[in-house]
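Survey of secondary and tertiary structure
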Amino acid sequence: MTPFRSALAHSPAGLVLGGVVATALLASACAPQPAPAPAAPREAPAISVSAEPVRRGEIQQAISYSGDIRARAQVTVFPKASGRIEKLPVDVGSRVKAGDTLAELEHDNAEIQSLQARAALASAEARLAQVQAGGRAEDVAMAEAALEAQQARLELMEQGGRVEAVAQAQAALDMATARLALVRKGATSDLRQAAQSAVDSDTAALASAEAALASLGGTSSADLQAAQSQVDSVKAQVAASEAALANLAGASAADVQAAQSAYDAALAQRTAARAALDQAKAPLAAQVAQAEAAVKQAEASLESARSTRVALTVGSIATTAGPCYKPSGDSRLDSDLCNAALDAANAGAVAAEKALASAQAQLELLQRGGAPATQAQLQAQLDQAEANLKSAKARLDALKSGGVEAQRAQVQGQLVAARENLKVAEARLVAVKGGTQEAQRQAAQAQVVAARERLKSDQARLDQLAEGPQEEEIQQAEAAVRQAEQQLALATHPLTEQDLRAQRAVVEQARLQLEKARNPYTSFDLQAAQAAVEQARAQVELAQLAIKEARVVAPVDGVVAERLVSPGALASPSVPLLTLVPPALELVVNVEEAQLGQVVEGQPVSLQVAAYPAQTFTGTVRTIAPTVDARSRTASVRVEPQDGDGKLRAGMFAKLSIITAARQNALLVPREALVGGTGAQATVVAIEDGNRVRKLPVRVGLANERLAEIVSGLNEGQLVVTSGLADLSDGDLVTPQVETRTALAR
């Protein structure tokens, strides 16, 4: 089959044309043959062209661009706190979710601050609870008691003098008046008898003091002798130690003999010290008997003083007249005389009791082995003797075993100790000669002197009573009466108006203290306590926030693109840790101003990348720039690709097509069949009957890179020329090569 026939077979117009040709051939064959006509001019040969029939189908109009795929955002992660990085669990390429840990900083200081903040909060809450609770019950009770006491005192002061105080002052005045009358009258036999009793009591006290002094007279020489013996003994030890140190050159037989002698001397010294201590603990029978005699004498003096006092107090019921005797039916009683006699008797009894106590103490001291200081000294001498004995024994053993150098050091130590003991012994000797024992004797002597002075005073009083009243006594009694009168006036009117005002001020102060105890805190204190609690809570929250901020988390989902630090580095809010790229990608293209009217947000987009040439990705127009660049006359359009499988990567080069329009069942012709552009008006070259071509005007609708929609001017099935259009003119004969496309590109 010729190309022409092939073209006709694929076109309805070709079939019609073929039938006409076949009919003409048959008619010519069957008709009679005319005579040959004259020769006609020769026709130009047919031009071979490509042609396609007009068909119906779907067309999509799109505008194409290209650009780089990039991440929609890039997040640089900074820490909120400062500190050393302890953990960094992610690296470049790690995929993270929002909230995943990116880094952990040290937070020991934050933990400590949190504990301190919690403690401060507890303290502030306790203070607030105390302020809200108000005053303590015990403080209120104490304030109420203080107010009641001060009010009672004020009431008492306002009432004037107390009845008992006035009565007491009146009694004192009466007594002073009676005393004055008694002095003017002169001493009675009863007063003289009381003075005589005082003299007798003083005599007994003097005898007791002299006995105590006599009991201290026998121990002085013994103590002096013991102290002198101790000094001599210690001096001998010092001399022996010095000689031993000087002669300690070797362990000869003489050295051993000298060490043995020193050991024997130390043993004898310990025996003497122990005997002295035992003798002190068991005093001589003569000393004990003397002390017991002093005790008995003191007891006799005490019994005599007590008998005198009993005689005075019992005189009120005795048949004989005494200082305190009150005859039956007689209301008068010389109280001054009776009191004076009783005072003298009581003084005598007290002196006798003191003398008895002194004698008993001296007896107990002898029975216990002497004074504690003496016992301590004797015990110290025994301890020193024990130490010397051990030292001598050690030296003897060392010489016998050959330890001379060690013995030299030991002897040196003994010498130092002996010299110190010598100082102590000499101080003891000085003390015995003029110290403790003499002080006791002087004290006893002072008691004897005091007892003699009291005896002289009471004897002078007795002599004065015997001679009669003196002018000085009368004056003293009159002064006592005047003083008693003043005391009575003061008891009757004890306070002034100034005193009352001062007490009222004290009562007011106590009332204010009670009010303060009931309401110790003001509203300002409550507000301050509440503010302190709120501040403490804020500090706790800040401390917790510091702990929380020590953990750096991913703000969004993404992939770690860059890690800028390593574990152990010091991080701060100004130092970035890493860069995080979110999974959201975008493609930015610049659309010409003329095409902006065809682009709207939400339009579908198709993408192709070199990494996946057989796959077309989809997307949508996300945003369109609100302004057009004045220099390039373009606007930025952001496209959001759909990549559920995560195949696309930031940085890939992509080609995209933005679908601006689509139509179903449209008349379509190849894009190359149009002559004169793709505007609303265009021209196509159609093949008509006889394979003659003719240029037809058409109105074009949608168009893309391969197809164009014919709104009017053509019918379905017509053949249109798709190649060699520039060389054709109306009426040219063509040989169409019909192509049938199985699919129309969109």
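Our subject in this report is the structure included herewith. Per chain, residue numbering runs from 1 following the sequence as it is written. Where totals are concerned, whole chains, interfaces and linings use all residues; where local detail is concerned, this predicted model gives features only for residues with pLDDT of at least 70, and gives and counts side-chain atom pairs only at 80 or more. Side-chain metrics rest on all non-hydrogen atoms present in the structure, leaving aside hydrogens and water.

**Quick look at the overall build of the chain**
For the record, the criterion: To qualify as a helix, a DSSP run of H or I must reach at least 4 residues; to qualify as a strand, a run of E must reach at least 2; elements of each kind are numbered from the N terminus. Should any heavy atoms of two residues lie within 4.5 Å, those residues are counted as being in contact. Computed with the Shrake-Rupley method and a 1.4 Å probe, the accessible areas treat only the protein chains shown as cover for residues.
Counting its secondary structure elements, the chain contains 16 helices and 20 strands. Counting only contacts in the chain whose residues sit at least 6 apart along the sequence, the fraction spanning at least 24 positions is 79%. Total accessible area computed for the chain in this model is approximately 42,700 Å², and 54% of it derives from carbon and sulfur atoms.

**Comments concerning the pairing of strand β4 (residues 83–87)**
Each regular strand carries side chains that alternate between the two faces of the sheet. We apply this condition: Only strands that DSSP links by at least two bridges are regarded as paired with each other.
Where β4 meets strand β9 (residues 570–571), two bridges bridge the pair, whose relative direction is antiparallel. Considered in β9, the bridge of Arg 84 is made with Leu 570.

**Comments concerning helix α16 (residues 523–549)**
Formally: Between the first and last residue of a helix there are one fewer steps than residues, each counted as 1.5 Å, and that sum is the expected span. Think of it in three bands: residues with accessible area under 20% of the maximum for their type are buried, residues over 50% are exposed, and the middle band is partly exposed, with areas taken using a 1.4 Å probe on protein chains only.
An ideal rise of 1.5 Å per residue puts 39 Å on 27 residues; α16 measures up with 38 Å between its terminal C-alpha atoms. Those residues of α16 lying buried are Ala 529, Val 533, Ala 536, Val 540, Ala 543, Ile 547 and Glu 549. In this structure, the buried side of α16 is in contact with α3 (108–133) and β7 (551–553).

**Focus: the packing of helix α4 (residues 137–159) against helix α15 (residues 497–518)**
Where we set the bar: Orientation is described by lines fitted to C-alpha atoms, with helices fitted over the stretch in contact, and by angles between N-to-C directions that extend from 0 to 180 degrees. For classification purposes, an angle smaller than 35 degrees is called roughly parallel, one larger than 145 roughly antiparallel, one from 65 to 115 roughly perpendicular, and anything else oblique. Left-handed describes a crossing whose near helix is turned anticlockwise from the far helix through less than a right angle; right-handed describes the clockwise counterpart.
Direction vectors running N to C along α4 and α15 enclose 165°, while the axes themselves pass 9 Å from each other. One way to sum up the angle between α4 and α15 is to call them roughly antiparallel. For the pair α4 and α15, the sense of crossing is left-handed. Along its contact with α4, which presents Asp 139, Val 140, Ala 143, Glu 144, Ala 146, Leu 147, Gln 150, Gln 151, Arg 153, Leu 154, Met 157 and Glu 158, the element α15 presents Asp 499, Leu 500, Gln 503, Arg 504, Val 506, Val 507, Ala 510, Arg 511, Gln 513, Leu 514, Ala 517 and Arg 518.

**So, the sheet that holds β7**
Pairing in this open sheet of four strands is antiparallel, and the strands run β7-β6-β4-β9 from one edge to the other. Only two strands of the sheet have a single partner each, and these edge strands are β7 and β9.

**Concerning the sheet that holds strand β8 (residues 558–563)**
Reading across the sheet, the four strands line up as β3-β10-β8-β5 and stay open at both edges, with antiparallel pairing between neighbours. The open sheet terminates on both sides in strands that have one partner only, identified here as β3 (75–77) and β5 (95–96). With two bridges connecting them, β5 and β8 associate as antiparallel partners. Residue pairing across strands places Val 96 opposite Gly 558, the latter belonging to β8.

**Section: the pattern of salt bridges**
How we decide: Salt bridge, as used here: a side-chain nitrogen of Lys or Arg that lies within 4 Å of a carboxyl oxygen of Asp or Glu.
All chains considered together, the criterion is met by 18 salt bridges. The partner of Arg 56 in a salt bridge is Glu 716, with the nearest N and O atoms 3.5 Å apart. With Arg 56 in strand β2 (residues 55–71) and Glu 716 in the loop between β18 (707–712) and β19 (719–721), this pair connects stretches of sequence that are 660 residues apart. Judged by relative accessible area, which is 40%, Arg 56 ranks as partly exposed. Between Glu 586 and Arg 70 there is a salt bridge whose closest N-O contact spans 3.3 Å. Here Glu 586 is found in strand β11 (residues 585–592), whereas its partner Arg 70 is found in strand β2, with 516 residues between them in sequence. Among the residues examined, Glu 586 registers a relative accessible area of 3% and is labelled buried. Under the relative-accessibility criterion, Arg 70 is labelled partly exposed at 39%.

**Description of the nonpolar core**
A general trend in soluble globular proteins is that nonpolar side chains are found buried together. Short version of the rule: Think of a nonpolar core as a cluster: buried Ala, Val, Leu, Ile, Met, Phe, Trp, Tyr and Cys residues, connected wherever their side-chain atoms sit within 4.5 Å.
Core analysis: the largest hydrophobic core is formed by 20 residues, its most contacted members being Ile 69, Leu 587 and Leu 656. Here the element with the most residues in this core is β11; it accounts for four residues. The contact partners of Ile 69, leaving out residues within four places of it in the chain, are Leu 585, Glu 586, Leu 587, Val 609, Leu 648, Arg 649, Ala 650, Gly 651, Met 652 and Ala 654. Formed by 17 residues, the second largest nonpolar core is a distinct cluster that contains Val 77, Leu 88, Ala 554 and Leu 577.

**Description of the pairing of β11**
Strand direction decides the pairing type here: β2 and β11, joined by three bridges, are antiparallel. Bridge pairing in β11 links Ala 71 to Leu 585. Bridge count between β11 and strand β14 (residues 634–642): six bridges; the pairing is antiparallel. Along β14, the bridge assignment pairs Val 591 with Ala 635.

**Regarding the packing of helix α5 (residues 163–185) against helix α14 (residues 471–492)**
Geometry of a packed helix pair, given as the angle between the helix axes and the separation of the axes. Let me state the cut-off plainly: In the scheme used here, Gly and all other residues not listed as nonpolar or charged are polar, with Ala, Val, Leu, Ile, Met, Phe, Trp, Tyr, Cys and Pro taken as nonpolar and Asp, Glu, Lys and Arg as charged.
Contact geometry of α5 with α14 gives a least axis separation of 8 Å together with a crossing angle of 165°. One finds that α5 runs roughly antiparallel with respect to α14. Between α5 and α14 the crossing geometry is left-handed. Residues Ala 165, Val 166, Ala 169, Gln 170, Ala 172, Leu 173, Ala 176, Thr 177, Leu 180, Val 183 and Arg 184 of α5 touch α14, and the partners they reach there are Glu 473, Ile 474, Ala 477, Glu 478, Ala 480, Val 481, Ala 484, Glu 485, Gln 487, Leu 488, Ala 491 and Thr 492. The residue makeup of the contact of α5 with α14, split by class, is 15 nonpolar, four polar and four charged.

**Side note on a negative patch on the surface**
We apply this condition: Patches here are clusters of residues that have more than 30% relative accessible area and form no salt bridge, with a 9 Å joining cutoff for like charges and a 5 Å cutoff for nonpolar side chains (Val, Leu, Ile, Met, Phe, Trp, Tyr). We treat Lys and Arg as the positive residues and Asp and Glu as the negative residues; His and chain ends play no part in the count. Charge coordinates come from a single atom per side chain, which is NZ of Lys, CZ of Arg, CG of Asp or CD of Glu.
The grouping of Glu 86, Glu 106, Asp 108 and Glu 111 at the surface amounts to a negative patch. Mapped onto the secondary structure, Glu 106 falls in the loop between β6 (101–105) and α3.

**So, the environment of Glu 592**
Quick reminder of the rule: Whenever two N or O atoms come within 3.5 Å, that pair is a polar contact, provided that in protein one can donate a hydrogen and the other can accept it, and provided that, for residues adjacent in sequence, both atoms are side-chain atoms.
In this fold, Glu 592 is placed in strand β11. Spatially, the C-alpha atom of Glu 592 lies 6.3 Å from that of Arg 633, the residues being 41 residues apart in sequence. Once you skip the residues sitting within four places of it in the chain, Glu 592 turns out to touch Tyr 65, Arg 633 and Thr 634. Of note is the side chain of Glu 592, whose polar atom sits 2.4 Å from the side chain of Tyr 65.

**Details of the environment of Arg 95**
If you trace the backbone, Arg 95 turns up in strand β5. Residue classification places Arg 95 among the exposed residues on the basis of a relative accessible area of 62%. Residues Arg 95 and Val 560, 465 residues apart in the sequence, show an inter-C-alpha distance of 6.5 Å. Beyond its immediate chain neighbours, meaning those up to four positions away, Arg 95 contacts Gly 558, Val 559 and Arg 649.

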